[in-house]
Amino acid sequence: DMFLYRQVSRAADPGRDPRFPADVEPTVLVMAMHWQRPQESDYPSAVTAALAPDQRWARCDIKSTSLLANVLARQDAAQRGAAEAILHRDGWVTEGAASTIVIVTDGTLLAPPPDPSVLPSVTLQLAWAIAERENIPRARRRFTVEEMLAADEVIMLASSRELVPVGRVNDSTIGTGAPGPLWRRLFRLYQQEHHGHA
């Protein structure tokens with residue numbers, strides 16, 4: 001299996017004019033990397049995440065090459081022994097530094113609504129369509145850090161990692177601390193939908 005990454009940017013002005021340059025060829029970068037499909041057995045236990053203040057600009061729905069704030073947050077999380085940084089602003093969870101964060105509360109799957117504070121997620125779109133088809137209760141609304149810490153489950157979604165169970169955020173245990181039942185169900189359904197088998 002391969003993971004193909006394609007990045008297209010507008011190109012740069014040859015001088016120092018910050019306006020959009022005219023009549024330039026876009027810069028295209030393509031990388032192909034070996035990729036191993038995630039397995040349920042990869043998660044005998046849930047991962048740990050670390051809270052980090054969201055210090056990014058106001059248009060996080062635009063995916064640009066300027067990811068310095070995300071990189072710094074993930075590095076800080078890694079140095080704290082965490083698999084991901086969960087970003088928050090004014091008490092609200094926005095997203096992970098390189099993922100979408102959803103929670104499960106009382107059997108309902110909650111995901112942030114699409115707005116400029118979060119990057120649109122293809123993985124979330126597919127998981128959401130599966131949840132809709134399977135009649136899993138769900139809602140798109142913002143949730144607070146406190147709601148997340150009190151949730152039954154926290155799930156990280158990302159293209160390369162797909163669906164990852166989070167069992168601890170900072171010093172708080174999420175649910176039982178183990179991969180939860182809705183994560184297991186969604187993970188298996190996602191594998192069937194995306195890869196043709198569980």
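Residues numbered from 1 in each chain as written. Predicted model: local features only at pLDDT ≥ 70, side-chain atom pairs only at ≥ 80, totals over all residues. Heavy atoms only, no water.

1. Things to note about the nonpolar core
Grouped together as the largest cluster of nonpolar side chains are 38 residues, with contacts concentrated most on Ile-86, Ile-101, Leu-109, Met-148, Leu-163 and Val-169. Counting residues per element, the ones that place at least two in this core are β3 (47–53), β6 (100–105), β7 (108–111), α2 (122–133), α3 (145–149), β9 (153–158), β10 (162–169) and α4 (181–195). Among the elements that line this core, the one with the most residues is α4, at six residues. Those residues in contact with Leu-163, other than ones at most four positions away along the chain, are Tyr-43, Thr-123, Ile-155, Met-156, Leu-157, Trp-183, Leu-186, Phe-187 and Tyr-190. In terms of nonpolar packing, the next biggest core, distinct from the first, is built from eight residues, Ala-50, Ala-52, Ala-73 and Ala-82 among them. (Core = buried A, V, L, I, M, F, W, Y, C linked by side-chain atoms within 4.5 Å. Buried < 20%, exposed > 50% of the residue type's maximum accessible area, 1.4 Å probe, protein only. Helix = DSSP H or I, 4+ residues; strand = E, 2+ residues; numbered from the N terminus. Contact = heavy atoms within 4.5 Å.)

2. So, helix α1 (residues 68–79)
For α1, spanning twelve residues, the distance from its first C-alpha to its last is 16 Å, which sits close to the expected 16 Å at 1.5 Å a residue. For α1, every residue scored as buried is listed here: Asn-70, Ala-73 and Ala-77. One side of α1 holds all its buried residues, which, seen down the axis, span an arc of 65°. Across α1 from its buried face, at more than 90 degrees, point the exposed residues Leu-68, Val-71, Leu-72 and Gln-79. Each element contacted by the buried residues of α1 is listed here: β3 and β4 (84–89). (Expected span 1.5 Å × (residues − 1). Arc of directions from axis to C-beta.)

All we've got here are geometric facts, nothing functional implied.
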